[in-house]
Amino acid sequence: MKKKITTIIITFAMFCVMSLSAFAAKSTFSIPANQVWTNAVAVTRTGSVNYVTVSLASVYPLEGTDNFHKIQARLVDYYGNVISDPGCVVLEEGKGDKQINLLNIHLSLDTVYLQFRGNSKAAAEAVIEYNGN
């Protein structure tokens, strides 16, 4: 009986950990030149909170001196309408998580879309972590 209870507890704990990580991701994005927004990346939400968590692990230019430290991020819906409040937030390299809030009218969405753009005219690569919560 004790072995069975232990197995159930371990199975439940593994399920919880796997469920949380299913909504988190870390990816490298190509940031276009001239502050053009990237193509949107889908983020699955649990709906339990009114925000998506994003952090900028690193950002670096495609060529030249690396003086990049910030990018901008926003949430859009399937049609490309901005649904974050405020419209966009600034992510700073290595500064940890930042919450991007959804407008109240969009809290029921299971999937939202993140977009990013640079803070200068130059193109860059950015390593970004995000979680739909």
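Quick caveat: nothing in here was measured; it's all calculated off a predicted structure. (Residues numbered from 1 in each chain as written. Predicted model: local features only at pLDDT ≥ 70, side-chain atom pairs only at ≥ 80, totals over all residues. Heavy atoms only, no water.)

**Section: the environment of Gly 87**
Alright, step 1. Tracing the backbone shows Gly 87 in the loop between strand 5 (84–85) and strand 6 (89–92).
Alright, step 2. In the structure, Gly 87 is positioned 16 residues away from Leu 103 in sequence and 9.5 Å away in space, judged by C-alpha atoms. (Helix = DSSP H or I, 4+ residues; strand = E, 2+ residues; numbered from the N terminus.)

**A few points about the pairing of strand 6**
Alright, step 1. A one-sided burial pattern is seen for strand 6, the buried positions being Val 89 and Leu 91 and the unburied ones Val 90 and Glu 92.
Alright, step 2. Two elements, strand 4 (residues 70–76) and strand 6, share four bridges in a ladder whose sense is antiparallel. Among the inter-strand pairings, Gln 72 is bridged to a residue of strand 6, identified as Val 90. (Buried < 20%, exposed > 50% of the residue type's maximum accessible area, 1.4 Å probe, protein only. Pairing = 2+ DSSP bridges.)

**What about the pattern of salt bridges?**
Alright, step 1. Enumeration according to the criterion identifies one salt bridge in this entry.
Alright, step 2. One salt bridge connects Glu 129 with Lys 26, and the closest N-O pair in it is separated by 4.0 Å. Here Lys 26 lies in strand 1 (residues 24–31) and Glu 129 lies in strand 9 (residues 124–131), a separation of 103 residues in the sequence. (Salt bridge = Lys/Arg side-chain N within 4 Å of Asp/Glu carboxyl O.)

**Concerning the sheet that holds strand 6**
Alright, step 1. Within the open sheet, the four strands sit side by side as 2-8-4-6. Their pairing is antiparallel. Both edges of this open sheet fall to strand 2 (41–44) and strand 6, since each of them pairs with a single strand only. Direction aside, the axes of adjacent strands within the sheet are offset by 40 degrees on average. (Axes fitted to C-alpha atoms, helices over the stretch in contact; angles between N-to-C directions.)

**Regarding unusual backbone geometry**
Alright, step 1. Cis peptide bonds are those with omega within 30 degrees of zero, and the linkage from Asp 85 to Pro 86 qualifies with 5 degrees.
Alright, step 2. One non-glycine residue, Asn 34, lies in the positive phi region at around 65 degrees.
Alright, step 3. Tracing the chain through its elements places Asn 34 in the loop between strand 1 and strand 2.
Alright, step 4. The class for Asn 34 is exposed, based on a relative accessible area of 55%.
Alright, step 5. The backbone of Gln 35 shows a phi angle near 55 degrees, a positive value even though the residue is not glycine.
Alright, step 6. Mapped onto the secondary structure, Gln 35 falls in the loop between strand 1 and strand 2.

**A closer look at the nonpolar core**
Alright, step 1. Core analysis: the largest hydrophobic core is formed by 24 residues, its most contacted members being Val 54, Leu 114, Phe 116 and Ile 128.
Alright, step 2. When contributions to this core are tallied by element, the ones reaching two or more residues are strand 1, strand 2, strand 3 (51–61), strand 4, strand 6, strand 7 (98–102), strand 8 (111–118) and strand 9.
Alright, step 3. Excluding its chain neighbours within four sequence positions, the residues that come into contact with Phe 116 are Phe 29, Ile 31, Val 36, Trp 37, Thr 38, Val 41, Val 54, Ile 71, Gln 72, Ala 73, Leu 91 and Ile 128. (Core = buried A, V, L, I, M, F, W, Y, C linked by side-chain atoms within 4.5 Å. Contact = heavy atoms within 4.5 Å.)

**Some words on the sheet that holds strand 1**
Alright, step 1. Across the sheet, five strands lie side by side as 1-9-3-7-5; this open sheet has antiparallel pairing. With one partner strand each, in any of the chains shown, strand 1 and strand 5 form the two edges of the open sheet.
Alright, step 2. For strand 1 and strand 9, the ladder comprises eight bridges, and the chain directions are antiparallel. Its bridge partner lying in strand 9, Lys 26 is registered against Glu 129.

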